[in-house]
Amino acid sequence: MSFAELLDHVGGMGRFQIIYAILLAIPVFMTASHNLLQNFIAATSEHHCHVHININNTPYTNLTGKLAAKDLLRVSVPMDSNQQPEKCHRFVTTQWQLLDSNATVTNLTKLETEPCADGWVYDKSIFTSTIITEWDLVCDSRQLKQMAQSIYMAGVLAGGIIFGGLSDRFGRRSLLIWCYLQMAVTGTSTAFSPSFTAYCIFRFLTGMAFSGIIIFPLCVCLSPAVEWTPTRTRAVVGTMHGYCFSIGQCILAGVAYAIPNWRWLQLVVSLPYFICFIYSWWFVESARWLVIAGRPDEAVKQLQRVARINRKKEEGDKLNTEVRLDLREACKTSRYKSLNDKDSLCINTCLLHPRFSTSFAYYGLAMDLQNFSVNIFLIQLVSGAVDFPAKFISVLTIGFIGRRFTQALTLILAGLSVLANIFVPQDLKTLRTVLAVVGKGCLAASFNCVYLYTSELYPTVIRQTGMGFSNTMARLGSIIAPLVKMLEEYIPFLPLIIYGAAPIISGIAATFLPETLNVPLPETIEEVETRLVESVGRQEQ
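Residues numbered from 1 in each chain as written. Predicted model: local features only at pLDDT ≥ 70, side-chain atom pairs only at ≥ 80, totals over all residues. Heavy atoms only, no water.

## Here's the deal with the overall build of the protein chain
In terms of helices and strands, the protein chain carries 25 helices and four strands. The buried share of the protein chain, taken over its 541 residues, is 54%. Nonlocal contacts in the protein chain, meaning residues at least 24 apart in sequence, comprise 79% of its contacts between residues at least 6 apart. Accessible area of the protein chain: about 24,100 Å², with a carbon and sulfur share of 63%. (Helix = DSSP H or I, 4+ residues; strand = E, 2+ residues; numbered from the N terminus. Buried < 20%, exposed > 50% of the residue type's maximum accessible area, 1.4 Å probe, protein only. Contact = heavy atoms within 4.5 Å. Areas by Shrake-Rupley, 256 points an atom, 1.4 Å probe, with all protein chains shown as cover.)

Below is the structure:
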């Protein structure tokens, strides 16, 4: 009896699988908040140099307080090309002549200025407090904002490498419980950071936990839920978790609007993970992993527990000695290997660089979302809402046509949408926006497919290790994307060429991967070898 048949024997997609999928989905709502949180807690408000002048000692004390404050800014801080106060400089001496309507100043550019020596004044009409306003991460320190996000992404990268391998050796359950606790503790600690350095350290640790969490639920790396889910329902459950992430993006916009203080916002999105940590002790270890790890008796106990929850106790009790012997035999034939043990698996991994291209192009487009002439909360809401129709269409094609077709099509369409923007004039903002939204939607659909597809391509013996590697490729894509954006200073359309070409190449490569629709999960590396050879053979024919 195969493992897929065992799952059907103990209830298939029963009450246990539904509860399990829901409990794994709950943290996904908040992972979106942590991944995109710096859009709000590090939002840059309008600012200018702080001015220290006693208005009562000026030649214009007869003016009203409001007018005097406005004019005080005019004589202390130069204006930029948009007639807004300069953000990083002020006049060395107060230019009172600028208040005289009869006087003429022939060359304002020759007035001597200096950097802001007494701090800055921030517009707090939208955000009352951010890490920018608290630690003055503006002007010469403005790059620290990007560095903080890079440090967080480095934590995500480190977490994918570390937790992916550990979970294959020590099990899914224990690592997931630890990641929930780490996310709760480090996320909460971030809210109480006494300095920018401490903030970066806690964000790095939070990124590690984030990566560990998304390695497990269906949303990003579907191993535990997939390993307990029947073949016919994987796409539906995977898409449900993908929608949770999209809903989380929309929820973040509302929460950030309601909580304009960054410390309180950080706290609100972190504390719920303590609840996740508590209920995660109910989780069961993957029976598939227990078999591969040489613990068949424990695997049978877990299957019997699932059968009881699914109200199939009698069927669970029928998992007799013969089944145990079959599982023990599976343990003997299953070999624990690394990704480098088989050339064909290395080829398989190389072909899975759609994870890199999807993340790379996605974050490349996400940088352009700021070009919309709307407020930051609406941008966040729209970027999350775009995913809904895209993922709905993808679940139909994933479930009825196939994973390979969906993966290849979404990547190629996304790349073409990005490349099309090269030929659209800058003044046609509506058309450029539509193309960008279509591209982001295609990439959202690609994400929806690649999470499921990748988990189905790796065998159980190294599924988490492979998913950790795959997650690493995605993180590298998100880190490199903003660096490519800098190339537009030399050739304006070069970043779009790179953002568009990468998913097209990956989409073509995806056509050589084996189809996994209605195919049982591979248990050993040998099964993957066979499927890959057959797939490449069909493509050559």
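Having put the structure on the table, let's press on.
## Remarks on the packing of helix α21 (residues 403-420) against helix α22 (residues 429-457)
The geometry of α21 relative to α22 is characterised by a closest axis approach of 8 Å and an angle of 155° between their N-to-C directions. Between α21 and α22, the angle falls in the class roughly antiparallel. By crossing handedness, the relation of α21 to α22 is classed as left-handed. Contacts from R403, R404, T406, Q407, T410, L411, L413, A414, S417 and A420 of α21 reach α22 at L435, V438, G439, C442, L443, A445, S446, C449, V450, L452, Y453 and E456. (Axes fitted to C-alpha atoms, helices over the stretch in contact; angles between N-to-C directions. Parallel < 35°, antiparallel > 145°, perpendicular 65-115°, else oblique. Left-handed = near helix turned anticlockwise from the far one by under 90°.)

## Section: the state of the cysteines
Under the defined criterion, the tally for this structure stands at two disulfides. In this model, C49 is linked to C116 through a disulfide, with the two sulfur atoms separated by 1.6 Å. For the disulfide bridge between C49 and C116, the dihedral angle about the S-S bond is near -65°, and by the sign convention the bridge is left-handed. Highlighted residues: C49 in strand β1 (residues 47-49) and C116 in the loop between β3 (113-115) and β4 (120-122), separated in sequence by 67 residues. C116 carries the same exposure label as C49, and that label is buried. Here C88 connects covalently by a disulfide to C139, the sulfurs 2.0 Å from one another. Here C88 and C139 share a disulfide; its torsion about the S-S bond, -100°, makes the bridge left-handed. Pair noted here: C88 is in the loop between α4 (65-76) and β2 (89-91) and C139 is in the loop between α5 (131-135) and α6 (143-170), with a separation of 51 residues, a long-range link. (Disulfide = S-S within 2.5 Å.)

## Some thoughts on the packing of helix α2 (residues 15-36) against helix α12 (residues 272-279)
α12 packs onto α2 with a crossing angle of 155° between their chain directions and a minimal axis gap of 11 Å. Taken as axis vectors, α2 and α12 run roughly antiparallel relative to one another. Between α2 and α12 lies a crossing whose hand is left-handed. Across the interface between the two elements, L23, I26, P27, M30, T31 and H34 of α2 pack against P272, Y273, C276 and Y279 of α12. Looking at the contact of α2 with α12, its residues break down into eight nonpolar, two polar and no charged. (Nonpolar A, V, L, I, M, F, W, Y, C, P; charged D, E, K, R; others polar.)

## A few points about the nonpolar core
Buried together is how nonpolar side chains tend to be arranged in soluble globular proteins. If you look at the biggest cluster of nonpolar residues, it comprises 30 residues, and the most contacted ones within it are F40, I131, W135, F196, Y199 and L265. Counting only elements with at least two residues in this core, the list comes to α3 (38-41), β4, α5, α8 (196-215), α10 (234-258) and α11 (262-268). L24, C276, F283 and I309 belong to the second largest nonpolar core, which has 29 residues in total. (Core = buried A, V, L, I, M, F, W, Y, C linked by side-chain atoms within 4.5 Å.)

## Considerations on the pattern of salt bridges
Under the counting rule described, the total for this entry stands at three salt bridges. Between R263 and E134 there is a salt bridge, with its nearest N and O atoms 2.4 Å apart. Here R263 is found in helix α11, whereas its partner E134 is found in helix α5, with 129 residues between them in sequence. Linking D387 and K440 is a salt bridge whose minimum nitrogen-to-oxygen distance equals 3.1 Å. (Salt bridge = Lys/Arg side-chain N within 4 Å of Asp/Glu carboxyl O.)

## Considering the side chain of T186
Assignment of secondary structure puts T186 in helix α7 (residues 172-191). A polar contact of 3.1 Å, which involves the side chain of T186, links it to the side chain of T206. For T186, the contacting residues outside a window of four places in its chain are F202, L205 and T206. (Polar contact = N/O pair within 3.5 Å; in protein donor to acceptor, adjacent residues only side chain to side chain.)

## With respect to the environment of I259
As for its position among the elements, I259 is in the loop between α10 and α11. Each residue touching I259, except ones within four places of it in the same chain, is listed here: W264, L265 and V268.

## Considering α22
Here α22 is 29 residues long and its end C-alpha atoms lie 41 Å apart, about the 42 Å a rise of 1.5 Å per residue gives. Buried residues dominate α22, accounting for 22 of its 29 residues. (Expected span 1.5 Å × (residues − 1).)

## Thoughts on the confidence of the model for the protein chain
Low-confidence regions, as indicated by low pLDDT, have predicted coordinates that should not be scrutinised in detail. On average, residues of the protein chain score 75 in pLDDT, and 68% of them reach the 70 mark or higher. Per-element confidence in the protein chain ranges from a low mean pLDDT of 45 for helix α9 (residues 223-227) to a high of 93 for α11. Note that residues 60-67 has pLDDT below 50 and, in this model, seven contacts with residues that lie over four places away or in other chains. Counting contacts from residues 331-340, a segment whose pLDDT is below 50, to residues more than four positions away or on other chains yields 28 contacts. (pLDDT = per-residue confidence, 0-100.)

## Points about a nonpolar patch on the surface
Together, F392, I393, L396, F400, I401, F405, L409, L413 and L416 make up a nonpolar patch on the protein surface, roughly 890 Å² of accessible area in all. Looking at the nonpolar patch, the elements with two or more residues in it are α20 (387-400) and α21. Tracing the chain through its elements places L413 in helix α21. (Patch = residues over 30% accessible without salt bridge, like charges linked within 9 Å, V, L, I, M, F, W, Y side chains within 5 Å.)

## Some thoughts on unusual backbone geometry
Positive phi is not limited to glycine here, since D136 has a value of about 50°. Considering the arrangement of structural elements, one finds D136 in the loop between α5 and α6.

## With respect to α21
Along its 18 residues, α21 runs 26 Å from first to last C-alpha, staying within 8% of the 26 Å computed at 1.5 Å per residue. Along α21, the residues that are buried comprise R403, R404, T406, Q407, A408, T410, L411, A414, G415, S417 and V418.

## Quick look at the packing of aromatic side chains
Going through the model one piece at a time under the given rule, you end up with 14 aromatic pairs. Here F40 and F127 contribute two aromatic rings whose centre-to-centre distance is 6.5 Å and whose plane-to-plane angle is 55°, an arrangement assigned as tilted. Taken together, the residues span a long stretch of sequence, with F40 in helix α3 and F127 in the loop between β4 and α5 at a distance of 87 residues. Exposure class is identical for F40 and F127. Each is buried. A centroid spacing of 5.3 Å and a plane angle of 85° characterise the contact between Y257 and F377, whose relative ring orientation is edge-to-face. Linking Y257 in helix α10 with F377 in helix α19 (residues 376-385), this pair joins segments that are 120 residues apart in sequence. Grouped by ring-pair contacts, the aromatic residues F40, F127, Y257 and F377 constitute a single cluster. A cation over a ring is seen here: R203 above Y152, with NZ or CZ 4.1 Å from the ring centre. (Phe/Tyr/Trp six-rings, centres within 6.5 Å; stacked < 30°, edge-to-face > 60°. Lys NZ or Arg CZ within 6 Å of the ring centre and 35° of its normal.)

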